[in-house]
Amino acid sequence: MGTVGTILQGIGIVVGGLFILAGLVLAIGPFMIPTQPADGVKDGRELGGDDSRFVSISFPGYPDGLQLHYVAAGEEHADTGRPAWLLLHGFSFSTVTWEPLLPKLGRDRYTVAYDQIPYGLSDKPDYPGEGPNPFTLEADVDHLFSLMDELGQEEAVLVGNSAGGVIALEAARQAPERVAGLVLINPMAALERPTLPQWLAQLPQAKRLSLLGGRWFGKSTELLERSYYDEDAITPEREARMTMHTAMAGWDRAWGQLMHRSLTDALQVRGPLAGIETPTQVIISVEDEVIPAADSHRVADALPNAERVELQACGHLPQEECPAKVAEAIERWRERQGL
């Protein structure tokens, strides 16, 4: 064998060895990830402030129910003749994201923002792998309507940011009689994300890697930073509150199970958007770096009864960064719709 052949053979051996090593790392490495759940308080009431409220909702497989944390503005039982506002945050966020907008919307009606499971100060359930999964879109909608029932709200205008917009749309698709209107702020509904085959996602390695991913996302403020047009506007207090859930016991296991569910079940509305006739406003941040403005326009195009408004110099979370602009846009739409 000549010199060139010897070199190529050697390269082949090295490359083959690297592939074998990579395979071993992928097969064995995830088992090095510890699975012991995080310590902390078990009840979000111990961490909530003066404005925090809690309610238990029923869910199959959890005899004591699931506890939801929420905050509210406006008079709960005021006879305004107007449906309540119900605010739904996006992936990894919490009621904190609605605090600048909450009092503005609550001036003329009852307004509620809640922590979806397992975010913020709401429960961090441990899913046993059998029965209804509390981390599916179907469960999210069930939790939403259960909360409305507990609050005595027969119908509401749903205001959803990012992934919260998907939950709002699915709720309107399932029960249009309970959704008087939709406000979608940079909705994630047009995002096309690939999923894994069921057999691959069920491997123990995938479950451990999901746990690792949940721990990383749960402790990171990177998404918050990407969600502002002006990153310098993020205060140290806001960054600290982004990870307040990490003080609760088992938060990482719950986030890991949420991440694992997402491997095979993309967060997408279960039917065509064209079938959702609820009056809708789509608020679009032109400079959004998380959900491209073009995706939000696609959602507005697909909905038969949607108006749209563009916001300049606002990021993915305009309810935080530009609350006055958002409140003004919603108020103008509300007046036109007579809501």
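Above this text you will find the structure in question.
Residues numbered from 1 in each chain as written. Predicted model: local features only at pLDDT ≥ 70, side-chain atom pairs only at ≥ 80, totals over all residues. Heavy atoms only, no water.

Draft legend 1. A look at the overall build of the protein. What the protein contains, in helices and strands, is 12 helices and eight strands. Whereas a compact globule of 339 residues would reach a radius of gyration of roughly 20 Å, the protein reaches 22 Å, a difference of no more than 12%. Once the C-alpha set of the protein is aligned to its principal axes, its extents read approximately 90 × 45 × 40 Å. For the protein, the residues scored as buried account for 52% of the 339 residues in total. Contacts spanning at least 24 positions in sequence make up 78% of the contacts within the protein whose residues lie at least 6 apart. When the accessible surface of the protein is split by element, carbon and sulfur atoms take 54% of a total near 15,800 Å². (Helix = DSSP H or I, 4+ residues; strand = E, 2+ residues; numbered from the N terminus. Rg over C-alpha atoms; globule rule 2.2 N^0.38 Å. Buried < 20%, exposed > 50% of the residue type's maximum accessible area, 1.4 Å probe, protein only. Contact = heavy atoms within 4.5 Å. Areas by Shrake-Rupley, 256 points an atom, 1.4 Å probe, with all protein chains shown as cover.)

Draft legend 2. Up close: helix H3 (residues 137–150). Relative to the 20 Å expected for 14 residues at 1.5 Å per residue, H3 spans 20 Å between its end C-alpha atoms, a close match to the ideal helical length. Contacts made by the buried residues of H3 are with strand S1 (53–59), strand S2 (62–73), strand S3 (84–88), strand S4 (111–114), strand S5 (156–161) and helix H4 (163–174). The first or second residue beyond H3 is Gly152, which carries a positive phi of 70°. (Expected span 1.5 Å × (residues − 1).)

Draft legend 3. Up close: the pairing of strand S7 (residues 280–285). For S7, the tally of buried residues reaches six of six residues, placing the bulk of the element in the interior. Neither face of S7 is exposed, since Thr280, Val282 and Ile284 on one face and Gln281, Ile283 and Ser285 on the opposite face are all buried. Where strand S6 (residues 179–185) meets S7, four bridges bridge the pair, whose relative direction is parallel. Note on S7: the bridge partner recorded for Leu184 is Val282. As paired strands, S7 and strand S8 (residues 306–311) are joined by six bridges and run parallel to one another. By the bridge assignment for S8, Ile283 is matched with Val309. (Pairing = 2+ DSSP bridges.)

Draft legend 4. View of the side chain of Gln281. Along the polypeptide, Gln281 turns up in strand S7. Excluding anything up to four places from it in sequence, Gln281 contacts Leu182, Val183, Leu184, Glu307, Val309, Ala329, Ile330 and Trp333.

Draft legend 5. Spatial organisation of helix H10 (residues 293–302). Within the sequence span of H10, burial applies to Ala293, Asp295, Ser296, His297, Val299 and Ala300. Buried positions along H10 lie against S6, S7 and S8.

Draft legend 6. Structural context of the nonpolar core. Among the nonpolar cores identified, the biggest contains 56 residues, and Leu86, Leu144, Leu158, Leu169 and Leu182 are the most heavily contacted of them. Among all residues touching Leu169, those that are not within four sequence positions of it are Leu182, Leu184, Ala189, Val269, Leu273, Ile276 and Leu303. In terms of nonpolar packing, the next biggest core, distinct from the first, is built from 24 residues, Ala180, Leu311, Cys314 and Leu339 among them. (Core = buried A, V, L, I, M, F, W, Y, C linked by side-chain atoms within 4.5 Å.)

Draft legend 7. Region of the structure containing the environment of Ala172. The topology assignment puts Ala172 in helix H4. Measuring from C-alpha to C-alpha, the distance between Ala172 and Asp288 comes to 25 Å, with 116 residues separating the pair along the chain. Not counting the four nearest positions on each side in its chain, Ala172 is found in contact with Val179, Leu182, Ile276 and Thr278.

Draft legend 8. Structural context of unusual backbone geometry. Cis peptide bonds are those with omega within 30 degrees of zero, and the linkage from Ile117 to Pro118 qualifies with 10°. With respect to the helices and strands, Pro118 occurs in the loop between S4 and H3. If you check the backbone angles, Asn186 has positive phi at about 45° while not being a glycine. Among the structural elements, Asn186 can be located in the loop between S6 and helix H5 (198–201).

Draft legend 9. Representation of the state of the cysteines in the model. Scanning the model with the defined rule gives one disulfide in all. Here Cys314 is linked by a disulfide to Cys322, with a sulfur-sulfur distance of 2.2 Å. Handedness of the Cys314-Cys322 disulfide follows from its S-S torsion of about -125°: it is left-handed. The pair Cys314 / Cys322 is uniform in exposure class, with both members buried. (Disulfide = S-S within 2.5 Å.)

Draft legend 10. Layout of the pattern of salt bridges. Throughout the structure, instances matching the rule amount to 17 salt bridges. For Arg109, the salt bridge goes to Asp108, with nearest N and O atoms at 3.5 Å. Residues joined in a network through salt bridges with shared partners are Arg82, Asp108, Arg109, Glu331 and Arg334. (Salt bridge = Lys/Arg side-chain N within 4 Å of Asp/Glu carboxyl O.)

Draft legend 11. Looking closely at the environment of Tyr119. Relative to the helices and strands, Tyr119 is located in the loop between S4 and H3. C-alpha of Tyr119 to C-alpha of Met244: the two residues are 125 residues apart in sequence and 9.4 Å apart in space. Among residues more than four places away in sequence, those in contact with Tyr119 are His89, Phe91, Ser92, Phe93, Lys124, Trp255 and Leu258.

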